[in-house]
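Residue-level listing of the chains:
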Amino acid sequence: MKNTKIIVKTKSKNYPIYLGDKILNITGALIRKNLPNVKKICIIYDKKLPPIFLKKLKKSLKNYKILIFKISSSEKIKSFKVAYKITENLIRNNFNRSDCLISMGGGILGDLSAFAASITKRGIKFVNIPTTLLAQVDASVGGKTGINTGMGKNLLGTFYQPEFILSDMLALKSLPKREMICGYGEILKHSLISDRKFFLWLNNNAKKIIINRDNKALKYAIYKSCKIKSDIIKKDEKEKNLRMKLNFGHTFGHAFEATKKFSKKLNHGEAVLLGIMSACEFAFEKKILSLSDLIKIKKHFLDLNLPYNLKKYFRKRDIKKIIDFMTIDKKNYNDKINLILISKIGKSLRGKIFSKKEVYKFINRKI
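Summarised in this report is the structure supplied together with it.

About the thresholds
Residues numbered from 1 in each chain as written. Predicted model: local features only at pLDDT ≥ 70, side-chain atom pairs only at ≥ 80, totals over all residues. Heavy atoms only, no water. Core = buried A, V, L, I, M, F, W, Y, C linked by side-chain atoms within 4.5 Å. Buried < 20%, exposed > 50% of the residue type's maximum accessible area, 1.4 Å probe, protein only. Helix = DSSP H or I, 4+ residues; strand = E, 2+ residues; numbered from the N terminus. Contact = heavy atoms within 4.5 Å. Polar contact = N/O pair within 3.5 Å; in protein donor to acceptor, adjacent residues only side chain to side chain. Pairing = 2+ DSSP bridges. Axes fitted to C-alpha atoms, helices over the stretch in contact; angles between N-to-C directions. Phe/Tyr/Trp six-rings, centres within 6.5 Å; stacked < 30°, edge-to-face > 60°. Patch = residues over 30% accessible without salt bridge, like charges linked within 9 Å, V, L, I, M, F, W, Y side chains within 5 Å. Areas by Shrake-Rupley, 256 points an atom, 1.4 Å probe, with all protein chains shown as cover. Salt bridge = Lys/Arg side-chain N within 4 Å of Asp/Glu carboxyl O. Lys, Arg positive; Asp, Glu negative; His and termini not counted. Charge placed at Lys NZ, Arg CZ, Asp CG, Glu CD. Expected span 1.5 Å × (residues − 1). Bend = angle between axes of the 7 residues up to and from the residue.

**Structural notes on the nonpolar core**
Piece 1. Counting residues in hydrophobic clusters, the biggest one holds 76 residues, and the most contacted among them are Leu133, Tyr184, Ile297, Met326 and Ile363.
Piece 2. Looking at this core element by element, the count peaks at 10 residues for helix 10 (residues 268–285).
Piece 3. For leucine 133, the residues in contact, after removing those within four places along its chain, are Leu172, Leu175, Met180, Gly183, Tyr184, Ile187, Ile209, Leu218 and Ile222.
Piece 4. In this structure, Ile23, Ile43, Leu54 and Cys100 belong to the second largest nonpolar core, which totals 24 residues.

**A closer look at the environment of histidine 190**
Piece 1. Counting through the fold element by element, histidine 190 comes out in helix 6 (residues 177–194).
Piece 2. Taking relative accessible area as the criterion, histidine 190 reaches 0% and is therefore assigned buried.
Piece 3. C-alpha separation for the pair histidine 190 and phenylalanine 53, spaced 137 residues apart in sequence, amounts to 29 Å.
Piece 4. Not counting chain neighbours up to four residues away, the residues in contact with histidine 190 comprise Val137, Asp138, Asp195, Ser225, Ile228, Lys229 and Leu246.
Piece 5. Within the structure, histidine 190 has its side chain in polar contact with the side chain of aspartate 138 (distance 3.4 Å).

**Notes on the sheet that holds strand 5 (residues 100–105)**
Piece 1. On the basis of which strands lie adjacent, the open sheet formed by 7 strands has the order 1-2-9-6-5-3-4 and mixed pairing. Looking at which strands have only one partner, the edges of the open sheet turn out to be strand 1 (4–9) and strand 4 (65–71). The sheet shows a mean angle of 15° between the axes of neighbouring strands, direction not considered.
Piece 2. Relative to strand 9 (residues 164–168), strand 2 (residues 14–20) is paired through 4 bridges, and the arrangement is parallel. Its bridge partner being in strand 9, isoleucine 17 is matched across the sheet by isoleucine 165.
Piece 3. Sitting on the sheet, helix 1 (residues 27–34) is in contact with strand 1, strand 2, strand 3 (40–46), strand 5, strand 6 (125–130) and strand 9, with an inclination near 165° to strand 9.

**What about the packing of aromatic side chains?**
Piece 1. One pass over the full model with this rule turns up 10 aromatic pairs.
Piece 2. Look at phenylalanine 282 and phenylalanine 354: their rings are 4.8 Å apart centre to centre, the planes differ by 90°, and that puts the pair in the edge-to-face class. Of this pair, phenylalanine 282 sits in helix 10 while phenylalanine 354 sits in strand 11 (residues 347–354), and the two are 72 residues apart along the sequence. For the residue pair phenylalanine 282 and phenylalanine 354, the accessibility class agrees, reading buried in each case.

**Considerations on the environment of isoleucine 276**
Piece 1. By the secondary structure assignment, isoleucine 276 is in helix 10.
Piece 2. Judged by its relative accessible area of 0%, isoleucine 276 is buried.
Piece 3. Linking isoleucine 276 and arginine 317, residues 41 residues apart in sequence, is a C-alpha distance of 22 Å.

**Examining unusual backbone geometry**
Piece 1. Positioned with a positive phi, lysine 22 is a non-glycine residue whose angle comes to about 60°.
Piece 2. Tracing the backbone shows lysine 22 in the loop between strand 2 and helix 1.
Piece 3. Residues other than glycine seldom take positive phi values, yet lysine 287 does so here, at roughly 60°.
Piece 4. Structurally, lysine 287 can be placed in the loop between helix 10 and helix 11 (291–304).

**Digging into a positive patch on the surface**
Piece 1. A cluster of basic residues, Arg32, Lys55, Lys59 and Lys62, forms a positive patch at the surface.
Piece 2. Counting through the fold element by element, lysine 55 comes out in helix 2 (residues 51–60).
Piece 3. On the basis of relative accessible area, lysine 55 is assigned to the exposed category, the value being 61%.

**A look at the pairing of strand 9**
Piece 1. Extensive coverage of strand 9 is indicated by the burial of 5 of its 5 residues.
Piece 2. Where burial is concerned, the two faces of strand 9 agree: the one with Phe164, Leu166 and Asp168 and the one with Ile165 and Ser167 are both buried.
Piece 3. Bridge count between strand 6 and strand 9: 2 bridges; the pairing is parallel. Each residue of the ladder has a partner; that of valine 127, found in strand 9, is phenylalanine 164.

**Observations concerning the side chain of lysine 78**
Piece 1. Of note, lysine 78 is situated in the loop between strand 4 and helix 3 (80–92).
Piece 2. Since its relative accessible area comes to 2%, lysine 78 is described here as buried.
Piece 3. Polar contacts involving the side chain of lysine 78 include one to the side chain of asparagine 154, which spans 2.6 Å.
Piece 4. Setting aside its immediate chain neighbours within four residues, lysine 78 contacts Ile108, Asp111, Leu112, Gly146, Ile147, Asn148, Lys153 and Asn154.

**Here we look at helix 7 (residues 196–212)**
Side chains of residues three or four places apart in an α-helix project in the same direction, reflecting 3.6 residues per turn.
Piece 1. For helix 7, built from 17 residues, the straight-helix expectation of 24 Å at 1.5 Å per residue is met to within 8% by its first-to-last C-alpha distance of 23 Å.
Piece 2. At asparagine 205, helix 7 shows its maximal bend, which comes to roughly 60°.
Piece 3. Among all positions in helix 7, only Phe198, Phe199, Leu202, Asn205, Ala206, Ile209 and Ile210 are buried.
Piece 4. On its buried face, helix 7 sits against helix 5 (133–139), helix 6, helix 8 (215–235) and helix 11.
Piece 5. One side-chain oxygen at the N-terminal end of helix 7 lies 3.2 Å from the backbone nitrogen of lysine 197; it belongs to aspartate 195.
Piece 6. Arginine 213, located one to two residues past helix 7, shows a positive phi value of around 55°.

In C-alpha cells:
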C-alpha cells in the first residue's frame with residue numbers, strides 16, 4: 001500500500017489523515033495547503049521521542065514562528081495544571097484563532113494538546129502527528145479531547161476535530177514491543193466490533209504487526225482501523241448513539257487503569273486488552289456471545305501472548321475500586337453499569353445495562 005489519504009467526515013468538519021513513509025518532512029507544505037493563514041505554530045512534543053523527529057519537523061516549519069513545549073508524557077500530565085500552563089503561554093505569545101498547535105507524540109499528549117487548543121480563545125487550529133501505534137489507529141481520530149481528574153480518566157473534555165492528522169510509519173520503528181501490543185489492542189477492538197473478515201486477517205498477520213513491524217501489514221492495519229472508526233464517527237460525531245461501540249472493552253479497561261492509579265504497571269492498551277477479554281467473557285456468561293466465538297478470541301490472545309488474566313494484576317481487595325470506577329464511567333446515566341458488548345465477532349451491541357452486583361460477581365470469579 002502506497003502513501004494514502006483518508007477523509008474523515010463529520011458534521012462539524014471534514015479533514016484528512018495522511019498515512020505513509022517519511023511524510024513528516026512535508027508537514028510545512030501540508031500546513032500551507034490546508035491552513036494558509038497560519039503565522040505562529042506551537043509544538044507540544046514528547047521529549048521521550050528520538051530527537052531526529054523534532055529536527056525534521058522544525059526543518060519543515062522553518063518559515064513559521066515556532067514555540068516548543070517538551071513534555072515527558074504520562075497520564076499525570078493530562079491535568080488542568082498542565083493544560084493551563086500551555087494555554088497561558090499561547091496567550092502570552094499572542095496566538096490567535098488562525099494560528100496552530102501541533103501535537104507530536106502519543107494519545108496522551110494528543111488528548112491534552114487538543115484540549116488546550118479547543119479552549120484557547122475558544123479554539124485555535126490543531127494538527128495531530130501521532131507517533132505511537134495506539135495513537136495512529138485510534139486516539140488521534142475522532143476529535144475527542146480529554147484530561148483526567150482524581151475521579152477517573154477523561155472525565156473532562158471537549159469534542160474538537162483537528163485540521164489534519166499526519167501518521168508517519170517511520171515513527172513506529174523505534175517503539176518497544178510493549179507499545180506495539182498497546183496499539184494492537186485498539187486494532188483488535190475495531191475488528192471485533194465491526195469487521196469479522198478483518199479479525200480473520202489479523203489471525204494470520206498479527207505477528208507481522210507486533211513482532212516483525214512489517215510495513216505492508218502495519219499500514220493496512222492502520223488504514224483499516226482508521227476507516228472503521230471514521231465510518232462510525234461520520235454517523236455519530238458526539239457519541240450520542242452509534243459511536244459508543246468504540247468503547248468496547250474500555251469501561252472495564254479505564255476502571256482497571258484507574259485502580260492501578262495510571263501506573264506503569266498497566267498501560268492503556270494492556271488495560272483495554274484486559275477489558276476486551278472481560279467484556280467477551282461477561283457476554284458469554286450472559287448468553288450474548290457464543291462459546292465458539294469466545295474460543296476464537298481467547299485463542300487469538302493466547303497465540304500472541306496478550307494480557308488477559310486479571311489475577312496477574314489485581315486482588316480481591318481491588319474489586320470494589322474497580323466497580324466504583326466503572327460506575328462513574330461517562331456512558332452511565334444512573335447507578336448501574338452500561339457495557340458495550342459483542343454478540344458475535346464483528347457485531348457489537350450498544351447500551352446493555354447491568355447492576356453493580358452482577359458485574360461484581362463476575363469480576364470476583366475472575367480474580
